[in-house]
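Structural features, examined
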Protein chains: 2
Amino acid sequence: MKVAVLGVGLIGGSIGLAAGERLGAEVVGFDPDPGTLETALGLGALDSIAGSVSEAVAETDLAFCAAPVSALPALVAEALRHSGERTGVSDVGSTKQALADAVSDLDQGPRFIGGHPLAGAETSGVENSRADLFEGARWFLTPTERSSGIVFDRLHSFIAELGAQPLAIDPAEHDRAMATISHLPHVIANVLAARAAETLVAAERRPELGRSFRDATRVAGSNPGIWGDIFAANGAVLADEVESVIEKLRAVVGPLREADGPQLATWQAAAAGYRQGLLDADRPGGALLELRLAVENRPGVVAEIALALGRAGVNIEEMSLDPSSDGRAGAISLWISGDDEAARASAIIGALGHSVATVTGGA
Amino acid sequence: MKVAVLGVGLIGGSIGLAAGERLGAEVVGFDPDPGTLETALGLGALDSIAGSVSEAVAETDLAFCAAPVSALPALVAEALRHSGERTGVSDVGSTKQALADAVSDLDQGPRFIGGHPLAGAETSGVENSRADLFEGARWFLTPTERSSGIVFDRLHSFIAELGAQPLAIDPAEHDRAMATISHLPHVIANVLAARAAETLVAAERRPELGRSFRDATRVAGSNPGIWGDIFAANGAVLADEVESVIEKLRAVVGPLREADGPQLATWQAAAAGYRQGLLDADRPGGALLELRLAVENRPGVVAEIALALGRAGVNIEEMSLDPSSDGRAGAISLWISGDDEAARASAIIGALGHSVATVTGGA
């Protein structure tokens, strides 16, 4: 099997490494930056370097376009134009509809099937490539009515062999869901960070940032180049999401101005239901419970707890750690799946001498 | 020293435990729920139970009102009315201006100084009380021009002896800052959860919730009763915050609809600057760096990493763990303070066989 990687960053490099190690594939790469190609060759992510897109795609079974989202329409078209009848072309961009539209008019369109691995979105650079980057990760594929069944089958198998979990989805549906789940939280994080910077600069004595603020702004400003592109590529859908959020925010201004506690409590309870419903749907095995504990913030304390849980075979689904103002103490939240597991975890942590509370309704 | 606790939940109970253990104070409690009082007595959070507010506050040095925010004006007034000249009265509510206004007309107003410990906001119940709940935690005090210096001095010392870090702040400034840092992220989390529930219910094939969504909605719907109250008590200020966010969201709709990548990238870069600036101000010791690693999501893996860092004396300031779709792998982010510490941590994790990337600009 021969695979071309067009654009050799974190994702392209990791496809190369995984294809070589797991499938014994021959990997040829092209990138506008010669230094990147040399690095990739040195890491073993590529077997050979091509001088152009057309040279890279020749005689390949699959060609992956791994350029920034805004460069994909031109790159995919070039890859299709220069490759033969048996070459399937895919991409790894974070948005899918615009690219599907751009390809839909091309004669070679049936040989293209869009893709989007949910991995590595927040790191970059070929030097961070790993053969196991896609292990267990969702990898969306967006075939259309015109798509070749042979290409889809080959692409699907290839991705599964990389260790990922392929799932076919309509391009528009993909973009809508990603707008809600990923792009919108990024927009909101930016706005919160901007607002806080504004308010707190004026404050003479400013409170430390609490956990809710840190959580809410964790992704603020990540990778401006990449994210500017993603926002733009999904601009129309994301703008709709933003406007829907604006509407929902408007709806709460009234009860806030009227200081209507009961109505605000009802609104808060509804949100609890929404979040729990979303989390439960993610985990048919059991609802996620939050254990909250306060500990000394010394090196080793997280280890002690995680180790004890590990020994007992209890898996930590999510973890969040928040230091106190002076850094000496910290609140740890652990999310455990299922009532029984959570009860076991609680007992184990209690036996270590930490007091632990199970948070209900607000996880 | 004799202390009254009026309202014996998590905070009231913890004040009682800490005052008893650390200061050898005599603690008397009142709560409308007799069962709660019995529990608190059994836990040692109280030395005795009073049958009324007036009985509880008699002969005390300090009385803490630890009721829901909406009940505080009446409770504080009652505590002031029934206590003697030498009793200082405080509270532990999450908002301060409305209460300060309510007390400002009272003859006994100078004996009241508002307070707000940043601890335990998301758990509740006297059964979760701990003597170390306030260890290292910020505890705001909101004296006004009328406040008694003697009461302030006594309250300040008492809080410091509980292990907390008292800091005086203007009530309005407190409420404004908390609106931005805490209340607004809660409102936003609710709206995001509501929007996602709407969108994803319609989706035939829905992507798993990613880390950015989980982080952004972690506090959605927490403690509806308590939060309905807090939102209402800080309603006017919070409504201003929400409207400011609406304005900022409106400003990004244009560039999104125009799919203006470069402008969106500039906007994203500005957000990165805001967030880093806020985090750096929190940690004069050194900027926070994010190390990102992908690991097998098996019990014990977090322990292994945390333990190795602990042995080397490297402190984990924050941690976030995100499972892959199939739960077999997970991305871990560790935030380490300062370049040197982060480099050491990176080397230690690398030596364990995990590949690790330092994320720049987006922490």
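Residues numbered from 1 in each chain as written. Chains lettered and ligands numbered in written order. Predicted model: local features only at pLDDT ≥ 70, side-chain atom pairs only at ≥ 80, totals over all residues. Heavy atoms only, no water.

Once that is clear, we can look at the packing of aromatic side chains. All chains considered together, the criterion is met by 10 aromatic pairs over all chains. Where A:Trp227 meets A:Phe231, the ring centres are 5.5 Å apart and the plane angle is 50°; that geometry is what we call tilted. Of the two residues, A:Trp227 and A:Phe231 both sit in helix α9 (residues 224-233), 4 residues apart, roughly one turn of that helix. Considered together, A:Trp227 and A:Phe231 belong to a single accessibility category, that of buried residues. In this structure an aromatic cluster arises from ring pairing among A:Phe64, A:Phe134, A:Trp139 and A:Phe158. Against the face of B:Trp335 rests A:Arg218, its NZ or CZ located 4.5 Å from the ring centre. (Phe/Tyr/Trp six-rings, centres within 6.5 Å; stacked < 30°, edge-to-face > 60°. Helix = DSSP H or I, 4+ residues; strand = E, 2+ residues; numbered from the N terminus. Buried < 20%, exposed > 50% of the residue type's maximum accessible area, 1.4 Å probe, protein only. Lys NZ or Arg CZ within 6 Å of the ring centre and 35° of its normal.)

A few words now on the pattern of salt bridges. On inspection of all chains with the given rule, the structure shows 26 salt bridges over all chains. The closest approach of N and O atoms between A:Arg292 and A:Glu290, which form a salt bridge, is 2.7 Å. Each member of the pair A:Arg292 and A:Glu290 is classed as buried. In the salt-bridge network here, residues are joined through shared partners; they are A:Arg195, A:Glu198, B:Glu241 and B:Lys248. (Salt bridge = Lys/Arg side-chain N within 4 Å of Asp/Glu carboxyl O.)

Turning next to helix α4 (residues 72-82) of chain B. Among the residues of α4(B), those classed as buried are B:Leu72, B:Leu75, B:Val76, B:Ala77, B:Ala79 and B:Leu80. Buried residues belonging to α4(B) abut β1 (2-6), α3 (53-57), β4 (62-65), β5 (88-91) and α5 (97-104) of chain B. (Contact = heavy atoms within 4.5 Å.)

Residue and element names in this part refer to chain B. Here β4 shows a buried face lined by Leu62 and Phe64 and a second buried face lined by Ala63 and Cys65. Where β4 meets β5, 4 bridges bridge the pair, whose relative direction is parallel. Note that in β5 the partner of Leu62 across the bridge is Gly88. The β-α-β motif built from β4, the intervening α4 and the parallel element β5 has right-handed crossover chirality. (Pairing = 2+ DSSP bridges. Right-handed = clockwise from strand over helix to strand, strands pointing away.)

If you look at the biggest cluster of nonpolar residues, it comprises 45 residues, and the most contacted ones within it are A:Ile305, A:Leu309, A:Leu334, B:Ile305, B:Leu309 and B:Leu334. Those residues in contact with A:Leu309 that lie beyond four places of it in its chain are A:Val314, A:Ile316, A:Leu334, A:Ala345, A:Ile348 and A:Ile349. Judged by nonpolar contacts, the second largest core, of 44 residues, contains A:Ile188, B:Val69, B:Leu249 and B:Val252. (Core = buried A, V, L, I, M, F, W, Y, C linked by side-chain atoms within 4.5 Å.)

The subject of this paragraph is the interface of chain A and chain B. Contacts between the two partners involve 133 residues from chain A and, on the opposite side, 133 residues from chain B. Around 11800 Å² of area is buried between chain A and chain B when both sides are counted, 62% of it from carbon and sulfur atoms. Here chain A and chain B share 10 salt bridges between them. A salt bridge links A:Arg257 to B:Glu243; the nearest nitrogen and oxygen atoms lie 2.9 Å apart. (Buried area = accessible area lost by both parts, 1.4 Å probe.)

This paragraph deals with the sheet that holds strand β7 (residues 138-142) of chain A. Residue and element names in this part refer to chain A. The strand order β6-β7-β8 describes an open sheet built from 3 strands, whose pairing is mixed. The outermost strands of the open sheet, each flanked by one partner alone, are β6 (114-117) and β8 (165-168). With strand direction ignored, the average angle separating the axes of adjacent strands in the sheet is 25°. Bridging between β6 and β7 involves 4 bridges; their strand directions are antiparallel. Across the sheet, residue His116 finds its bridge partner in β7, namely Phe140. (Axes fitted to C-alpha atoms, helices over the stretch in contact; angles between N-to-C directions.)

Glancing now at the side chain of A:Arg111. Residue and element names in this part refer to chain A. Positionally, Arg111 belongs in the loop between α5 (97-104) and β6. Lacking a salt bridge, the buried Arg111 has Glu85 as its closest oppositely charged neighbour, with an N-O distance of 4.6 Å. Engagement of the side chain of Arg111 in a polar contact is seen with the backbone oxygen of Gly84, the distance being 3.1 Å. A distance of 2.9 Å separates a polar atom in the side chain of Arg111 from the backbone oxygen of Thr87. Apart from residues no more than four positions distant in its own chain, Arg111 is found in contact with Leu80, Ser83, Gly84, Glu85, Thr87, Gly88, Val89 and Val151. (Lys, Arg positive; Asp, Glu negative; His and termini not counted. Polar contact = N/O pair within 3.5 Å; in protein donor to acceptor, adjacent residues only side chain to side chain.)

A word on the pairing of strand β9 (residues 288-296) of chain B. A regular strand places its side chains so that they alternate between the two faces of the sheet. Residues and elements named next belong to chain B. Taken across its 9 residues, β9 has 7 buried, putting it largely inside the fold. In this sheet, strand β12 (residues 356-359) lies alongside β9 in antiparallel orientation, the contact comprising 4 bridges. Bridge pairing in β12 places Leu291 opposite Thr358.

Okay, the relation of the copies chain A and chain B next. With an RMSD of 0.1 Å, the operation that places chain A on chain B is a rotation of 180° combined with a shift of 0.0 Å along the axis. On the angle and the small slide along the axis, the relation comes out as a two-fold axis. Interface overlap between copies: 100% of the residues of chain A at the interface are likewise at the interface in chain B, consistent with a symmetric, same-surface contact. (Least-squares fit on C-alpha atoms with pLDDT ≥ 70 in both.)

Bringing the environment of A:Asp260 into the picture now. As for its position among the elements, A:Asp260 is in the loop between α10 (235-257) and α11 (261-282). Non-local contacts of A:Asp260, meaning those with residues more than four positions away in its chain, are made with A:Pro255 and B:Ala232. At 3.1 Å, the side chain of A:Asp260 and the backbone nitrogen of A:Gln263 are in polar contact.

Bringing unusual backbone geometry into the picture now. Residue and element names in this part refer to chain B. Positive phi is not limited to glycine here, since Glu59 has a value of about 65°. For Glu59, the location among the structural elements is in the loop between α3 and β4. Of note, Asn223 is a non-glycine position whose phi angle comes to about 35°, a positive value. Tracing the backbone shows Asn223 in the loop between α8 (211-217) and α9 (224-233). Residue Asn223 is classed as buried on the basis of its relative accessible area of 17%.

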